[in-house]
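Tertiary structure, described
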Amino acid sequence: MSSIRLSVAMAALVTLSACALPRERGYLEMRTWVEDASGHRPPAPRALGSAPVPARPVTAADAVRLALLHHPRVRSAFADIGMARGDWEDAARLSNPSFAFLSLAPTDGASTITRALAMSLSDALLLPARKRFASGELERAQAVAAAELLELAYEAESAWYEAVGAAQIAAMRAIVAKSANAAESLALRFFEAGNISRLQLELERAAAAQARIEAIDASAAALRARASLAAFIGQRSSGPWTLADKLSAPPDARFDVDQLIARALDQRLDLRAARQAVRVREDALKSTRRWRWLGAVEVGGEREREASGERLSGPSVQVEVPLFSQSQGQLERAQAELHAARATLDGLLVEVHNDAASAVDALDAARDIADRYARELVPQREAIVARTQEEVNFMLVGVFDLLQAKQQEYDAYQAYLEAVRDYWIARARLRRAVGGRLPDDDAIGPGTLGVDAVLPEAAHDPHAGHGSSSGRDVDPHAHHHRHERADEPRDESQRRPEPAPAEPIDDENHRSHPERDKDAGEQQ
């Protein structure tokens, strides 16, 4: 009868531990958290694969989506969750029973045979606590993996802005180098005609050489930025994929620091993981204190057949006596792990406040810099070029003064593009500090600022829009009035350029490209 009761008890314990995690447990929650925070849903683990070549120019959203689809860090994050799932599976099951067989034979006569079956009772008593710890660790692993994927998304987005900005700067530097080359050629013709000194010629040659060096350096930087982005989206940097070449104008909206800090405290996934770690360590310390006097306890049953043929059977119990060790080391370790988890959480809370506040300040500064370029420096440089062109037409100043003013105008255009790029990188960093989307993310319009926007002659005929009364019904930069460029081709037989008649200046069409582009965006 006792053997039957023992068998029933063992069967109940086996049934209690015979459970398994759902197939998507851990993966599904992590993917949902990433989608809520970034707007992009990572694929299921079985859907991961190699990245196809994008058929259209890659945008910032495409870069994030492709990174979450194909970057190796995504597979690594899934692997971390898989290991946490494996720990749960081990913790949710009882240890296997042990079977013992003993045969004692005398020198002569029949032998005594003993059979025994035993299971760990302490293992069964600690099963609920182990499952609780494993479930908490699985949730922490989900949050850590989701935070890692969000970090990947923000890095891919920043890499896209870096690549687009570097490509724009390379294009601008190429235009500056072309202008400097034209100035060098013109200076040589003037020197041969005896109109300038050797010193002036060498100054123009040095300026042209410097412009060519800067163009080469900018081109190399663009290739490096493209390679960095290619690593995120799973492509070769030399592949046939292309980049969208325009950035959106910085919006005027400003964020309240306190609101963003509250949002960060609520939604940052690394903070969620740190809080979960504290809860798990608190539960572990409580369970260690509760069960510290429980040593190894095994229960089972034995059946023995004597040499005389008599059969004996009955239960067995083996108890570890806590005489020398009362789990002092486990208790000390549990307390230390809880202190470490709380210290990590406290440090992260301070970091969240500081990151959000500094990211908002950096974004505001980047917006103000871009706005000052658009409304002050770029229009001033354009006005200087226009006034210098007038004075050249009336032979009040030399053409080299116009070329220098034009190169400074190009530098202002480049600096404005860099400021816009820096704004969007700062915005990606703010999104990272907050741990998710910003309140006005859905209001961001398509990209309109590029080299062809601030410098139309880089993409089309600069005089195509003359005669229009307004440029707001089409491309806001298409009708920008441009003066005759000093580096346009001239008749080689002409030893000295003839002054051109002054052209009337259209105040509306001569407004700065970035400023009119921003006005057009506000009207839309």
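What comes next is a walk through the structure.

**Looking at the sheet that holds strand β3 (residues 297-305)**
Taking strand neighbours across the sheet as the criterion, the four strands line up as β1-β2-β3-β4 in an open arrangement whose pairing is antiparallel. At either end of the open sheet lies a strand with only one pairing partner, and these are β1 (98-104) and β4 (311-319). Averaged over all neighbouring strand pairs, the angle between strand axes comes to 20°, with direction disregarded. Examined bridge by bridge, strand β2 (residues 112-120) and β3 share eight bridges and lie antiparallel to one another. In the sheet register, M119 faces β3, and the bridge partner there is V299.

**Some thoughts on a nonpolar patch on the surface**
A contiguous nonpolar surface patch, about 330 Å² in accessible area, is contributed by F99, F101 and L117. Inspection of the secondary structure puts L117 in strand β2.

**A closer look at unusual backbone geometry**
Non-glycine residue S327 carries a positive phi angle of around 60°. Among the structural elements, S327 can be located in the loop between β4 and α10 (328-393). Of the residues examined, S327 reaches a relative accessible area of 14% and is grouped as buried. Even without being glycine, M395 reaches a positive phi, approximately 60°.

**So, the pattern of salt bridges**
All told, the structure shown has 33 salt bridges when counted by the stated rule. Put simply, R367 and D364 hold a salt bridge, and the shortest N to O gap is 2.9 Å. Placement of the pair is R367 and D364 together in helix α10, with a separation of three residues, close to one helical turn. The exposure class assigned to D364 is buried, which follows from its relative accessible area of 17%. When salt bridges with common partners are traced through the structure, they connect E157, R427, R431, D440 and D441 into a single cluster.

**Points about the side chain of R31**
Looking at the element boundaries, R31 is found in helix α2 (residues 27-38). Owing to a relative accessible area of 12%, R31 belongs among the buried residues under this scheme. A polar contact is formed between the side chain of R31 and the backbone oxygen of P42, at a distance of 3.0 Å.

Cut-offs used in this document
Residues numbered from 1 in each chain as written. Predicted model: local features only at pLDDT ≥ 70, side-chain atom pairs only at ≥ 80, totals over all residues. Heavy atoms only, no water. Pairing = 2+ DSSP bridges. Helix = DSSP H or I, 4+ residues; strand = E, 2+ residues; numbered from the N terminus. Axes fitted to C-alpha atoms, helices over the stretch in contact; angles between N-to-C directions. Patch = residues over 30% accessible without salt bridge, like charges linked within 9 Å, V, L, I, M, F, W, Y side chains within 5 Å. Areas by Shrake-Rupley, 256 points an atom, 1.4 Å probe, with all protein chains shown as cover. Salt bridge = Lys/Arg side-chain N within 4 Å of Asp/Glu carboxyl O. Buried < 20%, exposed > 50% of the residue type's maximum accessible area, 1.4 Å probe, protein only. Polar contact = N/O pair within 3.5 Å; in protein donor to acceptor, adjacent residues only side chain to side chain.

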